[in-house]
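Summary of the model geometry
If you want the building blocks of each chain, they are given just below.
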Amino acid sequence: MQTTLIRCVASLALASACAFLHAQSSSEIDPMLGADKGGNVFVGPTLPFGMAKPGPDYGTNESNAGWEPTGDLHGFSQLHVSGTGGGPKYGNILIQPQSGPADPTHASSPRAAEHAEVGYYSVTLANSGIRAEITTARRTPIYRFTFPADKDRTVLLDVGHMLMKIHDSPHRYNEGQVLYATDIRVVSPTEIAGVQQSVMGWNIQTVPMRVFFYLIADTPSITSGTWQDGKAPVAGAKQARYSMPYTLVTMPHPAPFVSTGAYLTFAPDTKPVTVKIGLSFISIEQAKQNALSEIAGFDFDTTRKAVVTTWNDALKTIQIKGGTADERQQFATGLYHSMLMPVDRTGENPLWQSAAPTYDDFYCIWDTFRSSSPLLTLIAPRRQTAILQSLLDIQDHDGFFLDGRAGNYAGRTQGGSNAEMMFTDAYVKHLPGLDWERVYKALRHDATADSPEPMRFGRGDMADYTSLGYLSIENSDQAGGPDRPGSRSMEYYANDYAVALMARGLGHTADEKLFLDRSSNWKKLWRTDAVDHTEDGDITGFIWMRHADGSWKEPFNPHLVGTWYQDNFYEAGTWTYSLYVPQDTRSLIAQIGGKDLFKKRLDLFFAPVFNPDSPHARYRYDVGNEPGFLSPYLYNWIGEQSSSAKTIRAILPASYHTGTGGLPGNDDSGAMGSFLVFNQLGFFPVAAQNVYLIGSPTFPKSTLILANGRTFSVVAENTSPTNIYIAKTTWNGKPYLRSWFTHDELMAGGELHLTMTDKPTHWDTGAPPPSMSDKP
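In what follows, the accompanying structure is described. Everything numeric here is computed off the predicted structure, so don't read it as measured data. (Residues numbered from 1 in each chain as written. Predicted model: local features only at pLDDT ≥ 70, side-chain atom pairs only at ≥ 80, totals over all residues. Heavy atoms only, no water.)

**With respect to the overall build of the protein chain**
A count of helices and strands for the protein chain gives 18 helices and 34 strands. For the protein chain, the proportion of its 776 residues judged to be buried stands at 62%. Long-range pairs, those at least 24 residues apart, make up 70% of the contacts in the protein chain with a sequence separation of at least 6. For the protein chain, the exposed surface amounts to about 26600 Å²; the carbon and sulfur share of it is 54%. Each charge class in the protein chain can be summarised by its mean position, and for the 64 positive and 79 negative side chains these summaries are 4 Å apart. (Helix = DSSP H or I, 4+ residues; strand = E, 2+ residues; numbered from the N terminus. Buried < 20%, exposed > 50% of the residue type's maximum accessible area, 1.4 Å probe, protein only. Contact = heavy atoms within 4.5 Å. Areas by Shrake-Rupley, 256 points an atom, 1.4 Å probe, with all protein chains shown as cover. Lys, Arg positive; Asp, Glu negative; His and termini not counted. Charge placed at Lys NZ, Arg CZ, Asp CG, Glu CD.)

Structure below.
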């Protein structure tokens, strides 16, 4: 795969040309980057925010994205998510090429010659020599299968397939997928149509999702048939169905195994068989129309070129200069991953009719509000407006804002009500296209009403939160027991500040005070006598959980990290959440004891911890979990921007690489990719605030092409792996002493010029970044 935009040769003319800025290009992207080691990115072809995500399903069928590094290829399903953890989603409607007569029980194969690039995936089935190629339109994947010439050519369509079905993984029952009904019909010698009804366990879905499809082949088959319930295929059969009572989802045992499908068999020939599969969540008729309207005939190559053109257009708003080939590939791929989800399903909403855009696969806002949403506001503001309009439309029908959504159904909520952060981030950055009074009414309701299903949407346990000022252990109940009161409380405080900012801007003075007061209650969870005995002395004072009577959870454990259904934190510990007060870092510094103790705590947070019994160091900080995204920049509030620069430039090469293992964990729908992009650009957003913090740029020059027609550039003179510190800063040629700037300043255009050096300096003598408790 080509990994550089322009190959420079040893001539002065071309070498000089390579010094110019270049827009990001799809040729620099590696779709396989981060597919392994828990990154779970989707490797198949898709369009920006595209609904169709056709790709391979390998091995255990337990990867959300379908791809696994080992195991046989089972075929290619049409819907996937990217970069997620948790329970399974999709893997619907599996197509399998096969040499000879149809045999669905022996359709899997080892892989060979696997290849992926933007808009294209190919692989050879090693046991038969069939070459499979995939590209896609927005709702219509298209496949080209090249078979050996001496056997019949068969295409099977397994409509019962899903990733991690309950039968396949009974140990994951609570998050497994359940198949409820299938209907598949051979319509003609070139057409197969049908529907699958299933439920995803992860989002607590109580209404089956229906995926309709319409397959059209470019070659008439010589025979066709169906199979049902895992039995041998029946030649000439035109229809196969399966269904079971919907109430089975409540039963504590696996669902029965079901394999229902149809096939087309073509006469031997060297000519490839090309098939396209229209998809819809509305009807078979709409699936057919998608197939006919999105791809003219069976033009595989033109469809592939259109995907590349669309991606190049989406990527052109950022131009970079310099950097290594690996750094440029990581940057371009990070941008790419940031635009895979959520999914644009406008025109495909099966639940209600609306003039608003329809987006799905928010998985999850808890992951993406910190970096992905602010990135889209900069590089794709119209897209971000459409996403927010869709969220508001969903809120109109569900009654609350969601955190996660897939398969047209909301759930689960990982922490706070962080859609509030997304909307306020857009509001303070003047994103057009939204009725802000309508938005504020929805946000206020979300922040004050008790959700009937807080694990699916909105906030829960508001009686405690409003009366005690925190979620107590006894009454933090999202799933039948104590549930993450520490982390949920800390997120609610940040959410309240976001609501207060919008209230201020819209002139709702009383509400502004209400939500500012509530956002200050984080101090009620500050346990002053909590101590961690570190390798560099005692650290005192941490965020901790409380009972309803005000007493603390015992014993204090500074290393406790929780997940669902526990009376502590979610996906991070108290070291991380004790530094998560993005609304008021000034007060946090004072609570910890001032600048010196704050710096000591940060230094320990990012320092390796060595165990004499292990050769490997551990870290209190985990870049692979989003609550710590802002933490490396907290030094900026105490005039120690050089420490932020040092920390950031240590994190990136240690955690991000090229190759399938190139991400520090789940990409989380582009969260990890957008975190990398901002840090390589040299600044990072404070979500839901009009503020960016200056870091340490990777590239000598980066330029954003802004929606208002202006450009904003960051120039890092002399930047290198050793020159990571800032010696001098100018803004449009004038001295600049602040370690932050506003979105308004960025949108005015111009140039932030940083002169880099290899030694820490204290250039940032201007005012610190804003905090809620700043004096007016």
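From this point, the narrative continues.
**Quick word on the sheet that holds strand β29 (residues 701-705)**
Spatially, the seven strands line up as an open sheet ordered β1-β18-β29-β30-β34-β31-β32, and their pairing is mixed. Only two strands of the sheet have a single partner each, and these edge strands are β1 (22-23) and β32 (734-735). The pairing of β1 with strand β18 (residues 318-321) spans two bridges and is antiparallel. Directly across from His 22, in β18, lies its bridge partner Ile 320. (Pairing = 2+ DSSP bridges.)

**A short note on the pairing of strand β28 (residues 691-694)**
Of the two faces of β28, the one lined by Val 691 and Leu 693 and the one lined by Tyr 692 and Ile 694 are each fully buried. Pairing geometry for strand β27 (residues 683-686) and β28, over four bridges, is antiparallel. In the strand pairing of β28, Val 686 is matched with Val 691. Two successive antiparallel strands, β27 and β28, enclose a turn made up of four residues, where Ala 688 displays a positive phi of approximately 70 degrees. Pairing of β28 with strand β33 (residues 740-742) involves three bridges; the strand directions are antiparallel.

**Examining the sheet that holds β33**
Taking strand neighbours across the sheet as the criterion, the three strands line up as β27-β28-β33 in an open arrangement whose pairing is antiparallel. Either end of the sheet is taken by a strand with one partner, and the two such strands are β27 and β33. For this sheet, the mean inter-axis angle between neighbouring strands, taken without regard to orientation, is 30 degrees. (Axes fitted to C-alpha atoms, helices over the stretch in contact; angles between N-to-C directions.)

**Description of the pattern of salt bridges**
Throughout the structure, instances matching the rule amount to 33 salt bridges. For Asp 344, the salt bridge goes to Arg 383, with nearest N and O atoms at 3.4 Å. Pair noted here: Asp 344 is in strand β19 (residues 343-344) and Arg 383 is in helix α7 (residues 381-398), with a separation of 39 residues, a long-range link. Classification of Asp 344 as buried rests on a relative accessible area of 12%. (Salt bridge = Lys/Arg side-chain N within 4 Å of Asp/Glu carboxyl O.)

**Looking at the nonpolar core**
Of all hydrophobic cores here, the largest spans 201 residues; its most connected members are Phe 76, Ile 95, Phe 423, Phe 683 and Phe 741. Counting residues per element, this core draws most heavily on helix α11 (residues 485-506), which supplies eleven residues. Setting aside residues no more than four positions away along its own chain, Phe 741 makes contact with Phe 683, Asn 690, Val 691, Tyr 692, Ile 694, Phe 712, Trp 731, Tyr 736, Leu 746 and Leu 752. (Core = buried A, V, L, I, M, F, W, Y, C linked by side-chain atoms within 4.5 Å.)

**Points about the packing of helix α9 (residues 436-448) against helix α12 (residues 509-519)**
Following both chains from N to C, one finds α9 and α12 inclined at 40 degrees, their axes separated by 13 Å at the closest point. The orientation of α9 relative to α12 falls into the category oblique. Between α9 and α12 lies a crossing of left-handed hand. From α9, Tyr 440, Arg 444, Ala 447 and Thr 448 reach across to α12, where they touch Asp 511, Leu 514, Phe 515 and Arg 518. Among the residues making up the contact of α9 with α12, the classes are represented as four nonpolar, one polar and three charged. (Parallel < 35°, antiparallel > 145°, perpendicular 65-115°, else oblique. Left-handed = near helix turned anticlockwise from the far one by under 90°. Nonpolar A, V, L, I, M, F, W, Y, C, P; charged D, E, K, R; others polar.)

**With respect to the packing of helix α6 (residues 372-379) against helix α17 (residues 671-681)**
Relative to each other, α6 and α17 sit at 60 degrees, their axes nearing to 9 Å. The angle between α6 and α17 places the two elements in the oblique class. Crossing angle aside, the handedness with which α6 passes α17 is left-handed. Between α6 and α17, the residues in contact are Ser 372, Pro 374, Leu 375 and Leu 378 and Ala 671, Ser 674, Val 677 and Phe 678, respectively. Considered class by class, the residues forming the contact of α6 with α17 number six nonpolar, two polar and no charged.

**What about the packing of aromatic side chains?**
Counted under the stated rule, the structure contains 39 aromatic pairs. Measuring from centroid to centroid gives 5.4 Å for Phe 605 and Tyr 621, while their planes differ by 80 degrees, and the two rings are edge-to-face. You can see Phe 605 sitting in helix α15 (residues 595-606) and its partner Tyr 621 sitting in the loop between β26 (618-619) and α16 (641-655), a full 16 residues away along the chain. With a relative accessible area of 0%, Phe 605 lands in the buried category. Following the ring pairs from residue to residue traces out a cluster consisting of Phe 542, Trp 544, Phe 556, Phe 569, Trp 575, Tyr 577, Tyr 580, Phe 605, Phe 606, Tyr 621 and Tyr 635. Above the face of the Tyr 409 ring, Arg 456 is positioned so that its terminal group lies 4.0 Å from the ring centre. Across the ring face of Trp 575, the terminal group of Arg 620 is positioned such that the distance to the ring centre comes to 4.9 Å. (Phe/Tyr/Trp six-rings, centres within 6.5 Å; stacked < 30°, edge-to-face > 60°. Lys NZ or Arg CZ within 6 Å of the ring centre and 35° of its normal.)

**Things to note about the environment of Phe 369**
Note on placement: Phe 369 falls in the loop between α5 (365-368) and α6. The buried category is assigned to Phe 369, whose relative accessible area is 2%. It is 19 Å that separates the C-alpha atoms of Phe 369 and Gly 682, two residues lying 313 residues apart in sequence. For Phe 369, the contacting residues outside a window of four places in its chain are Pro 374, Asn 418, Met 421, Met 422, Tyr 580 and Ala 687.

**Describing α15**
Residues spaced three or four apart along an α-helix point in a common direction, a consequence of the helix completing one turn every 3.6 residues. Along its twelve residues, α15 runs 17 Å from first to last C-alpha, staying within 8% of the 16 Å computed at 1.5 Å per residue. Every buried residue belonging to α15 is among Phe 598, Arg 601, Leu 602, Leu 604, Phe 605 and Phe 606, and all of these are buried. (Expected span 1.5 Å × (residues − 1).)

**A word on the environment of Ser 643**
Following the sequence through the fold, Ser 643 ends up in helix α16. Once the C-alpha coordinates of Ser 643 and Leu 602 are considered, the two residues, 41 residues apart in sequence, prove to be 9.4 Å apart. Here Ser 643 is in contact with Lys 599 and Tyr 635, once residues within four sequence places are set aside.

**Concerning the environment of Asp 72**
Checked against the element boundaries, Asp 72 lands in the loop between β2 (55-58) and β3 (73-77). The sequence separation of Asp 72 and Leu 597 amounts to 525 residues, and the corresponding C-alpha distance is 54 Å. Not counting the four nearest positions on each side in its chain, Asp 72 is found in contact with Asp 57, Tyr 58, Gly 59, Ser 108, Ser 109 and Pro 110.

**Re the side chain of Thr 742**
Topologically, Thr 742 is positioned in strand β33. When residues no more than four places from it in sequence are discounted, the contact partners of Thr 742 are Asn 690 and Tyr 692.

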